[in-house]
Amino acid sequence: MKVTLGPARAGAECLSSDLLVGFVNSRPHHKQPAELLADGPAVAEWFEAAGAGSTPGATDADAATARELRDALLSILRAHVGCDEGAAMVPAAEAHLQRAASRFPVTTIVTSEGCELHPTGTGIDRSFSYLLSAVADLASRGAWARVKVCKNDTCYTAFFDKTRNSSALYCSTACSGQMATRAYRERKKECAI
């Protein structure tokens with residue numbers, strides 16, 4: 001398993017963004033009602049299906065670690081779309097992710113073609129390292145801020161912003177329309193008072 005840091009491709013989706021979006025969307029939300037990281041076996045199954053390594057023997061404690069990591073990433077992604085409550089949680093989320101990076105390190109291999117990140121450890125620790133290397137890969141490409149979570153407070157689905165100027169706030173036109181309708185009704189209500 002490796003994540004290759006190649007030339008910057010602004011806006012380019014990749015395996016790293018797919019992995020992170022899928023990981024954040026593993027929590028219950030309106031498009032996916034079940035918790036996909038409920039226990040050790042579920043975490044092992046998720047990481048294997050995502051191509052992030054085989055993790056036989058993952059425990060319920062590992063599942064709790066995965067959910068905590070996911071929550072920290074969710075806070076950062078909410079800040080990417082300007083959610084006020086997301087911004088308030090950023091310092092704690094960043095501190096959690098820094099501790100995770102120390103616990104699940106990544107080795108950097110320099111080659112003539114660029115730089116490769118290799119997850120370290122074995123089992124579930126290696127899978128967590130792989131996940132964090134995906135964040136580093138996106139950051140090196142200038143695409144980390146494009147991984148976002150829908151600003152619709154009834155959705156919060158993670159997505160990769162494909163807009164030219166990285167201005168998307170919603171995962172779909174349906175969510176955008178729903179929020180526009182809500183704002184219109186609020187304005188209409190204020191005028192009636």
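Cut-offs applied
- Residues numbered from 1 in each chain as written.
- Predicted model: local features only at pLDDT ≥ 70, side-chain atom pairs only at ≥ 80, totals over all residues.
- Heavy atoms only, no water.
- Axes fitted to C-alpha atoms, helices over the stretch in contact; angles between N-to-C directions.
- Helix = DSSP H or I, 4+ residues; strand = E, 2+ residues; numbered from the N terminus.
- Parallel < 35°, antiparallel > 145°, perpendicular 65-115°, else oblique.
- Left-handed = near helix turned anticlockwise from the far one by under 90°.
- Contact = heavy atoms within 4.5 Å.
- Nonpolar A, V, L, I, M, F, W, Y, C, P; charged D, E, K, R; others polar.
- Expected span 1.5 Å × (residues − 1).
- Buried < 20%, exposed > 50% of the residue type's maximum accessible area, 1.4 Å probe, protein only.
- Arc of directions from axis to C-beta.
- Salt bridge = Lys/Arg side-chain N within 4 Å of Asp/Glu carboxyl O.
- Polar contact = N/O pair within 3.5 Å; in protein donor to acceptor, adjacent residues only side chain to side chain.
- pLDDT = per-residue confidence, 0-100.
- Pairing = 2+ DSSP bridges.
- 1 Å grid on protein atoms, 1.4 Å probe; cavity = no way out; pocket = protein on both sides within 12 Å on 5 of 7 lines; lining within 4 Å.
- Points joined across faces, edges and corners; volume = space filled by probe spheres on them.

Visitor: Looking at this model, I keep getting lost on the packing of helix H3 (residues 60–80) against helix H5 (residues 90–103). Mind explaining?
Guide: To describe two helices that pack against each other, one gives the angle between their axes and the distance between the axes. With their axes 9 Å apart at the nearest point, H3 and H5 run at an angle of 135° to one another. It follows from the interaxial angle that H3 and H5 lie oblique. The two elements H3 and H5 meet at a crossing, and its hand is left-handed. Residue-level inspection shows Thr 65, Glu 68, Leu 69, Ala 72, Leu 73, Ser 75, Ile 76 and Ala 79 of H3 in contact with H5, the latter providing Val 90, Ala 93, Glu 94, His 96, Leu 97, Ala 100 and Arg 103. Partitioned by chemical class, the residues of the contact of H3 with H5 number 9 nonpolar, 3 polar and 3 charged.

Visitor: What's the story with helix H6 (residues 123–141) in this structure? I'm lost.
Guide: Note on helix geometry: an α-helix contains 3.6 residues per turn, so any two residues three or four positions apart are oriented the same way. Relative to the 27 Å expected for 19 residues at 1.5 Å per residue, H6 spans 28 Å between its end C-alpha atoms, a close match to the ideal helical length. Just downstream of H6 lies Gly 142, where phi reads positive at about 75°.

Visitor: Can you walk me through H5 in this structure?
Guide: With 14 residues, H5 ought to run about 20 Å at 1.5 Å a step, and its terminal C-alpha atoms sit 20 Å apart, in line with that. The set of residues buried in H5 consists of Val 90, Ala 93, Leu 97 and Ala 100. The buried residues of H5 occupy an angular sector of 85° when projected down its axis, which confines them to one face. Along H5, exposed side chains directed more than 90 degrees from the buried face belong to Pro 91, Ala 92, Gln 98, Arg 99 and Ser 102.

Visitor: Explain the pattern of salt bridges to me, please; I cannot follow it from the model alone.
Guide: Opposite charge on two side chains allows them to pair when their charged atoms are near. This model, assessed by the stated rule, comprises 3 salt bridges. Measuring nitrogen to oxygen at the nearest pair gives 2.7 Å for the salt bridge that ties Asp 161 to Lys 148. Remark: Lys 148 occurs in strand S4 (residues 147–149) and Asp 161 occurs in the loop between strand S5 (158–160) and helix H7 (173–192); sequence separation between them is 13 residues. For the residue pair Asp 161 and Lys 148, the accessibility class agrees, reading buried in each case.

Visitor: Looking at this structure, I do not really get the packing of H3 against H6. What am I missing?
Guide: At their nearest, the axes of H3 and H6 sit 11 Å apart, and the two run at 10° to each other. It follows from the interaxial angle that H3 and H6 lie roughly parallel. Facing H3, whose interface residues are Asp 62, Thr 65, Ala 66, Leu 69 and Leu 73, H6 presents Ile 124, Phe 128, Leu 131, Leu 132 and Val 135.

Visitor: How do you make sense of the side chain of Ser 17 when you look at a structure like this?
Guide: Here Ser 17 is to be found in helix H1 (residues 15–24). There is a polar contact of 3.0 Å between the side chain of Ser 17 and the backbone oxygen of Cys 14. Ignoring anything within four residues of it in the chain, the contact list for Ser 17 reads Leu 138, Val 147 and Phe 160.

Visitor: Where do I start with the confidence of the model for the chain in this structure?
Guide: Predicted coordinates in areas of low pLDDT are best not read in detail. Put simply, the chain has an average pLDDT of 85, and 89% of its residues get 70 or more. Predicted confidence for residues 5–12 stays below pLDDT 50, and this span has 17 contacts to residues more than four positions away or in other chains.

Visitor: Would you mind showing me how to read the pairing of strand S2 (residues 106–111) here?
Guide: Each regular strand displays side chains that alternate between the two surfaces of the sheet. Both S2 and strand S3 (residues 114–119) contribute to a ladder of 6 bridges, which runs antiparallel. Paired with Ile 109 across the two strands is Glu 116, which belongs to S3. The antiparallel hairpin formed by S2 and S3 contains 2 residues in its connecting segment.

Visitor: What is the right way to look at unusual backbone geometry in this model?
Guide: Excluding glycine, residues mostly carry a negative phi; peptide bonds, for their part, are mostly trans. Of note, Tyr 156 is a non-glycine position whose phi angle comes to about 55°, a positive value. A relative accessible area of 19% means that Tyr 156 is categorised as buried. Of note, the phi angle at Ser 166 is positive, near 55°, even though the residue is not glycine.

Visitor: How do you make sense of the layout of surface pockets when you look at a structure like this?
Guide: Rolled over the atoms, a probe with the dimensions of a water molecule shows which regions are left empty. In this structure, the second largest pocket spans a volume of roughly 160 Å³. If you trace the second largest pocket, you find it lined by Leu 73, Ile 76, Glu 94, Leu 97, Gln 98, Ala 101, Leu 132, Val 135 and Trp 144. When residues in the lining of the second largest pocket are grouped by element, the largest group, 4 residues, is from H5. Class assignment of the residues belonging to the lining of the second largest pocket gives a composition of 7 nonpolar, 1 polar and 1 charged.

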